[in-house]
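# Summary of the model geometry
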Amino acid sequence: IRKEEILHKVIDEGLRTGYRFIDTAQVYGNEAAIGRILVKLLPQHNLKREDIWITSKLAPANAGAAAARKSIEDSLEHLQVDYIDLLLIHWPGSSLKSENPKNKILREESWKIMDEMMKEGKLKSIGVSNFEISHLEELKKVSNVVPAVNQVEYHPHFHQDELVKYCNDNDIHFQAYSSLGSPTYREKLSKEPVIIKLAEKYGVSVPVLLLRFAYCQGISILPRTTNPEHVVCNYEVTKLSISENDISLMLALKVEHKTCWDPRVVV
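Residues numbered from 1 in each chain as written. Predicted model: local features only at pLDDT ≥ 70, side-chain atom pairs only at ≥ 80, totals over all residues. Heavy atoms only, no water.

## Some details on the state of the cysteines
For clarity, the threshold we go by: The disulfide criterion is simple: two cysteine sulfur atoms within 2.5 Å.
Going through the model one piece at a time under the given rule, you end up with zero disulfides. Residue C167 stays outside any disulfide, its sulfur separated by 17 Å from that of C260, the closest cysteine.

## Things to note about the packing of aromatic side chains
Where we set the bar: The rule is short: rings of Phe, Tyr and Trp, with Trp giving its six-membered ring, pair when the centres are within 6.5 Å, and they are stacked under 30 degrees, edge-to-face over 60, tilted in between. Strands are runs of DSSP state E lasting at least two residues, helices are runs of H or I lasting at least four, and both sets are numbered from the N terminus onward. Burial classes follow relative accessibility: with a 1.4 Å probe on protein chains only, a residue under 20% of its type's maximum area counts as buried, one over 50% as exposed, and anything between as partly exposed. Distance and angle both matter: a charge sits over a ring if NZ of Lys or CZ of Arg is within 6 Å of the ring centre and within 35 degrees of the ring normal.
Here the structure, examined in full by the defined rule, presents three aromatic pairs. Seen in terms of ring centroids, Y19 and Y235 are 5.1 Å apart; in terms of plane orientation they differ by 50°. Their pairing is tilted. Of this pair, Y19 sits in the loop between α1 (4-17) and β1 (21-23) while Y235 sits in the loop between α10 (228-234) and α11 (244-251), and the two are 216 residues apart along the sequence. Summarising the aromatic geometry, the rings of Y154 and F174 are spaced 5.5 Å apart at their centres and angled 75° between planes, so their arrangement reads as edge-to-face. Here F174 lies in strand β6 (residues 173-177) and Y154 lies in the loop between β5 (149-153) and α6 (161-169), a separation of 20 residues in the sequence. With respect to burial, Y154 and F174 carry one shared label: buried. Among the aromatic residues, ring-to-ring pairing joins Y154, F174 and F213 into one connected group. Taking the ring centre of Y83 as reference, the NZ or CZ of R49 above it sits at 4.1 Å. For K124, the ring lying beneath its charged end belongs to Y83, and the centroid distance is 4.7 Å.

## Remarks on the pairing of β6
How we decide: Crossover handedness is defined here as right-handed if the route from the first strand over the helix to the second strand goes clockwise, with the strands pointing away from the viewer. A pair of strands counts as paired when DSSP detects no fewer than two bridges linking them.
Most of β6 sits inside the fold, with four of its five residues counted as buried. Tracing the backbone out of β5, into α6 and back to the parallel element β6 gives a crossover that is right-handed. Relative to strand β7 (residues 220-221), β6 runs parallel, the two being bridged by two bridges. Residue pairing across strands places A176 opposite I221, the latter belonging to β7.

## Digging into the sheet that holds strand β3 (residues 86-89)
The strand order β1-β2-β3-β4-β5-β6-β7 describes an open sheet built from seven strands, whose pairing is parallel. Either end of the sheet is taken by a strand with one partner, and the two such strands are β1 and β7. Pairing analysis gives three bridges linking β1 to strand β2 (residues 53-58), with the strands arranged parallel. Looking at the pairing, F21 lines up with W53 of β2.

## Thoughts on the nonpolar core
The condition is simple: Residues belong to one nonpolar core when they are buried, are Ala, Val, Leu, Ile, Met, Phe, Trp, Tyr or Cys, and are joined through side-chain atoms within 4.5 Å.
Ranked by size, the top nonpolar core spans 64 residues in total, and within it I11, L38, M114, L123, L136, Y154 and F174 carry the most contacts. Broken down by element, this core gets its largest block of residues, seven residues, from helix α9 (residues 206-215).

## Observations regarding the UniProt feature "binding site: substrate" (unreviewed entry) in the chain
Quick note on the threshold: UniProt positions are given in the numbering used here, feature names are shortened, and annotations may be inferred rather than shown by experiment. Working rule for contacts: check all heavy atoms of both residues, and any pair within 4.5 Å makes them a contact.
UniProt records the feature "binding site: substrate" (unreviewed entry) at H90, using the numbering of this structure. For H90, the location among the structural elements is in the loop between β3 and α4 (103-119). Look at H90 and you get buried, because its relative accessible area is 12%. Ignoring sequence-local partners within four residues, the contact set of H90 consists of A25, V27, Y28, K57, L58, P60, S129 and N130.

## Comments concerning unusual backbone geometry
With a phi angle near 60°, Q80 is a residue other than glycine that sits in the positive phi range. Position of Q80 relative to the elements: it lies in the loop between α3 (68-79) and β3. Its relative accessible area of 47% is what places Q80 among the partly exposed residues. Phi at D171 is positive, roughly 60°, even though this residue is not glycine. Assignment of secondary structure puts D171 in the loop between α6 and β6.

Shown next as structure tokens:
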């Protein structure tokens, strides 16, 4: 979301509703707008910097020792903060293409810079996004610093059970994006008969049910919207309980459809 007027409205409504977590990234091109908005809105909502959590992500183009530190310093300046709560490596490759043989080296270099900046207090924690088990295993071999988070696509038509288990076993928090399916797949996912039936059973909208699917498994979620009304509706997920049996029904769906870029092909 790059339009500052829209960002202002949804962040304002979010803070009013109870949200305290903002997820952004260098490639989103909205860090500076978010920084300007928070400077205005935090005092209006009687909040301080330490009352909110900001996650940003290192762009693939900024991977490696040469560019990582400068780009993170730029993110701090854009956001108008002294520290970022969580910084993620956005993508395991230096671009969306998989064949770059330097990907592994650049990941290691980025991680080292991020670790240094965490020790300096400019980053409170560091993690990754779109990392597969193979990428996480490689990182383990070169660093004692365990990623705090792995942020990946996760919904009833794409739930990576093996990756979820690996993260849980290795004390890496598993975080979901595209909980409703990407814009190109959202309509199809929302027409899944099991999901429609369960939404009716619990008396909630399909989006709230889909968000709760991850949330009640201890998986945090990123409910993106440009609509302030949806900001309020999505927050209802915190009040909904779904039985383990009904979660199992969604996990048992035999559809596997990756809606976003696929990191499984990144070397």
